[in-house]
Amino acid sequence: MEEPAVEMQGVSHRYGSAPVLREIDLTIEHGEIFRFLGHNGAGKTTAINILTTLLVPSAGNARVCGHDVIADRSKVTERIGYLPSDVRLYDHMTASENLEFFAKLSGVSDPRRAAAETLDYLDSSELGPRRMSTFSTGMRQRIGIAQAIVHQPSVLFLDEPTSGLDPSGVRQLRETIFRLNRELGMTVFMNTHLLSEVARVCTTIGVLNHGELIYKDSMAATNERFPNEASLEDIYERMEGHPS
Amino acid sequence: MTRAIAAQLVLSLRRQRTFLALLVTLLVMTALAGVIGWISHRTIIKVYDQAVTLLATTGTPAPPNPFDTKPTLALLSNMVIYIPLIGALMALVLGHLSMADDQSSGIGRLIFSRQVTRRSYVTGKMLGALTVLTVIMAASLLVSVASLLIVNGTVLSASDFGRLVLFYVISLLYLTAFALIGMVTVLLTRRRSMGLLLALGVWLVLTFAIPQFTSGLRPTASLNPITDPVSTSQTFFDVTAKARPLSVSEQYKEASTRVLEIGSPESALATSWRVLPIGCLVLVMAALTALLVSRHDYSRSSVNE
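Residues numbered from 1 in each chain as written. Chains lettered and ligands numbered in written order. Predicted model: local features only at pLDDT ≥ 70, side-chain atom pairs only at ≥ 80, totals over all residues. Heavy atoms only, no water.

Q: Provide a residue-level description of the interface of chain A and chain B, including the pertinent values.
A: Taken together, the 40 residues of chain A in the interface contact 28 residues of chain B. When the buried area of chain A at its contact with chain B is split by residue, Tyr90(A), His92(A) and Leu105(A) rank highest and sum to 23% of it. Applying the counting criterion to the chain A and chain B interface returns one salt bridge. Where chain A packs against chain B, one counts 11 residue pairs in polar contact (both at pLDDT 80 or more). Every element with two or more residues in the side of chain A that touches chain B is listed here: helix 1 (44–51), helix 2 (73–79), strand 6 (80–83), helix 3 (95–105) and helix 5 (137–149) of chain A. With five residues, helix 3 of chain A is the largest single contributor of residues to the side of chain A that touches chain B. A per-class count over the side of chain A that touches chain B returns 15 nonpolar, 16 polar and nine charged. (Contact = heavy atoms within 4.5 Å. Buried area = accessible area lost by both parts, 1.4 Å probe. Salt bridge = Lys/Arg side-chain N within 4 Å of Asp/Glu carboxyl O. Polar contact = N/O pair within 3.5 Å; in protein donor to acceptor, adjacent residues only side chain to side chain. Helix = DSSP H or I, 4+ residues; strand = E, 2+ residues; numbered from the N terminus. Nonpolar A, V, L, I, M, F, W, Y, C, P; charged D, E, K, R; others polar.)

As C-alpha cells, then:
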C-alpha cells in the first residue's frame, strides 16, 4: 500500500515560548489538492516549513511520501517542490539560468533540457532568456512555479501562491495547479488566507485556528455539511467561530 | 551541489554592477601603479642626469644612479596600498553579495528545500568567492607585468616574476579574509544594508584603526609601508609595538614590501611569520561562516507568518 503524500502526527512547534502549531494530526493522500485555510499567524507557513525540511518541529513526526522530514531529509527533498509566498529568484540571472541552477540542486541529469521543457509546459518559453529583474509579479510567479516543478516532484508545496497577483494571474495560477495535478499527478499542498479562488480547484480543505487543526474534510463533504452557507467564506467564518 | 553553488555565485557576480565597478577600479589602479612608478622613475633619472651634467662641469665625480640599485618591483610599490584599500573593499562587497540574496530575498529557503546540505552550500560559496578572487588576482598580475613591460620597458627576470606571483598569493589570502568577513556580517545581521554597514565598519577598524594603534606615532603608517622612525621606548609604545603582529593590515604591508624588495631585508622565515596572522584570520572567518550557516534559520529569511 502506498504511503500517504503527507502525514503529520502530533506535530507541535514553538517560537521561543509562543506555541505556533499544537499537536497537528493530518494525512493527505496522493493526488489530492489540499488547501490549508487560516488567518494570518495561524501557523500555515510553519507547517509548510516543517514539511519542506526547513524547520525542525518542537514535537511530533512529519513524513512526506513515507519519509521522515528529519531522518530522511534527502529523500524528502527529492520528492517535493516548494514555492514560497514572496517568490524571489536571482535577479541578475535569466529565468532559464535560474531554472537550470535549481534543477542542478535537485540532481536532475540534464538541467538545461529540464528547464526548457518546464518553461514549455507552462507556456512560458519566451521568458527563458530574460533576466528576472525585468519581470512583473505574475511572470515571477510563473518562473517560481517552474523552479518548483523543474525536477518533477511528487508533492508540490505552495505558500500563499496568489499573493500580489491580479485576477488574471490568479486564474492562470489556478489552471496551472489543476493541470499539474491532473496531467502530472502531483499532490498539491497550499496555504492561503484568501478564499475566493479556493473552491474551484481544491479537493480537500483544512482549517487552522491559532495553531490548531479545527477542520479537515473533502470539498464535497464540506458542502454537504454546510448546506445553508452561501459561500466558502461563510463556512470558514462559522468554523472560526464568527457567524456572519 | 558544491560546484553548482560556486558556479551560480561566479555567474551572478559577473553581472553585478557594484562589484564590477570595484573590480575595474582595482585593475585601473593596478595599471596606474606601474605608470606612477614609471613617472617617479623618470623624474629621478632626469634629476640625476642634470646632477651628472652639473657635476661634470665642475669636474666632480657623479654618485651612482639610484635606480641601478633599486629593485625592479619597487615600481609597483603602490600596490601595497591599493590592495588593502580598494582590493579589500571589493572583497567585502563580493562576500556580502554572495550571501545577501539568499538571506534577504528568501532564496535560501528554496535552496535548502532541495538536496543541499549546509556544508555543501557554505563550501560552494567559499569556493565560488575564492575562484573569483583568484581570477582577479591573476588579472591584476597580468596588468602589473604588462604595465612594467609597456610603460617601463622592463622585462621581469624569473626571480622577479616569482616574487610578483608570491605578492599576489599573499594578496589573495588577505582578500579572502575580507570576503569571508563580508559573508559573516550578512549572516550576523537581519537587514541587508546593516550587513554591508557592519562589514565596512570592520574594514575601517582593520585597515585604519588597528594599524594606527599598533604603529604608535606613525600617522602615515596606515598608508605608507615605511620603517618605524620613532623610538618606542615608553610603555605605551612598547604595548603598541607588541600588539603589531595582531594588525593584519600592517602584517600584510610588511610582508608585501619584503616580497617586492621595497622594505628592509629580512629572512624568508620572518616574512612567513608576518603572513601567519592573515592565515589565522582566514581560518577563523571560514569556521565562523560555516558555523553561522549551519545555525541560520533560513525558514525565517523573509516575510513569514
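Q: Explain the sheet that holds strand 2 (residues 18–28) of chain A to me, and be specific about the residues and the numbers.
A: All names here are of chain A. Strand order in this open sheet of four strands is 2-1-4-5, and the pairing throughout is antiparallel. Every interior strand has two partners, whereas the edge strands, strand 2 and strand 5 (67–68), have only one. Here strand 1 (residues 6–15) runs beside strand 2; their pairing, made up of seven bridges, is antiparallel. In the sheet register, histidine 13 faces strand 2, and the bridge partner there is leucine 21. On the sheet, helix 1 packs against strand 1, strand 2 and strand 4 (59–64) and is oriented at approximately 120 degrees with respect to strand 1. (Pairing = 2+ DSSP bridges. Axes fitted to C-alpha atoms, helices over the stretch in contact; angles between N-to-C directions.)

Q: If you had to explain the pattern of salt bridges to someone new, which residues and values would you point to?
A: Per the counting criterion, the structure on display carries 13 salt bridges over all chains. A salt bridge links Glu160(A) to Lys44(A), with the shortest nitrogen-to-oxygen separation between them at 3.8 Å. Residue Glu160(A) is located in the loop between strand 7 (155–159) and helix 6 (167–183), and its partner Lys44(A) is located in helix 1; the two are separated by 116 residues in the primary sequence. Asp101(B) is the partner of Arg192(B) in a salt bridge, and the nearest nitrogen-oxygen pair spans 2.8 Å. Highlighted residues: Arg192(B) in helix 8 (residues 192–214) and Asp101(B) in helix 4 (residues 79–104), separated in sequence by 91 residues. For Arg192(B), a relative accessible area of 34% corresponds to the partly exposed category. Linked by salt bridges that have partners in common, Arg88(A), Asp91(A) and Arg140(A) make up one network. (Buried < 20%, exposed > 50% of the residue type's maximum accessible area, 1.4 Å probe, protein only.)

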